[in-house]
Amino acid sequence: MTEPRHRIRAVHSDSTITVYQAYAPEIGLAAARDGRFPAAWRRDRMTWIKPSFLWMMYRCGWGTKEGQETVLAVEITREGFAWALRRACLSHFEPGLHIDHGTWRRRLKEAPARVQWDPERDLRLRPLPHRSLQLGLAGEAARLYADEWIVSVTDVTPLARAIHARVRDGDLDAARRLLPPEQPYPVSAAALSHLHR
């Protein structure tokens, strides 16, 4: 079946969705230990969450990039995720979707969340034709994410290393079997219509 150009793919349950982030160990290990971000995690900065495991691997280089050595799977409430999507603005100006550049810029500045669609990645981290969502959270959204939406935080760095080792060995079937079981996330096209073209 052909993938739609824009789709949210994620590990999810009836009440939660799992997103990924990567941090330096002093943040990531503390978050995994305590199930919440430590005081050093800055709630006044934008933070990007990614439902796609392989896009996170592309971003953090399988947990090898400086400051991104600890990969976290953060399980959050679907209610919180929906709250952010409803209030999000597309991260770039799109003619036909936005009235004009100035209106889009004002909306972007005011929105507590922003959406960016990036090419999904295969196991070798090469871009695929379809795109996966990144969700940027700022201001109220970042605070709600850190303090109210989180259900659990898991250090999945060992999993990232195990999958990467199998990719390096050329055993893509074994690597694929270890991937988190992401499925299309049930959000209506209408709910995303203001977030892509």
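My aim in this report is to walk through the structure given alongside it, one point at a time. Per chain, residue numbering runs from 1 following the sequence as it is written. Residue-level local features of this predicted model are given only where pLDDT is at least 70; pairs of side-chain atoms are given and counted only at 80 or more, and the full residue set underlies all totals for whole chains, interfaces and linings. Side-chain descriptors were evaluated using all non-hydrogen atoms of the structure, hydrogens and water having been removed beforehand.

**A few points about the sheet that holds strand β2 (residues 16–23)**
Two orientations exist for strands paired in a sheet by backbone hydrogen bonds: parallel and antiparallel. Strand order in this open sheet of 3 strands is β2-β4-β8, and the pairing throughout is antiparallel. Single-partner strands in this sheet number two, and they are β2 and β8 (150–155). Neighbour-to-neighbour, the strand axes of this sheet turn through a mean angle of 25°, independent of strand direction. Between any two strands, at least two bridges found by DSSP are needed for them to pair. Helix and strand assignments come from DSSP, with helices taken as H or I runs of at least 4 residues and strands as E runs of at least 2, each series counted from the N terminus. Alignment of β2 against strand β4 (residues 70–77), held across 8 bridges, turns out to be antiparallel. Within the sheet, the bridge partner assigned to Thr18 lies in β4 and is Glu75. We call two residues in contact whenever any of their non-hydrogen atoms come within 4.5 Å of each other. Every angle, taken between N-to-C directions, lies between 0 and 180 degrees, and every axis is a line fitted to C-alpha atoms, over only the stretch in contact when it is a helix. Against the sheet, helix α2 (residues 53–60) engages β2 and β4, with an angle of about 10° to β2.

**Let's talk about the sheet that holds strand β3 (residues 47–49)**
Spatial strand order, β3-β7-β6-β5: 4 strands in an open sheet with mixed pairing. If you trace the sheet from one side to the other, it starts and ends with β3 and β5 (88–90), each paired once. Geometrically, the sheet is characterised by an average inter-axis angle of 40° between neighbouring strands, direction not taken into account. With 3 bridges connecting them, β5 and strand β6 (residues 113–121) associate as parallel partners. Residue pairing in the sheet places Leu90 in a bridge with Val115 of β6. The sheet strands contacting helix α3 (residues 78–86) are β5, β6 and β7 (127–137), and the helix crosses β7 at an angle near 95°.

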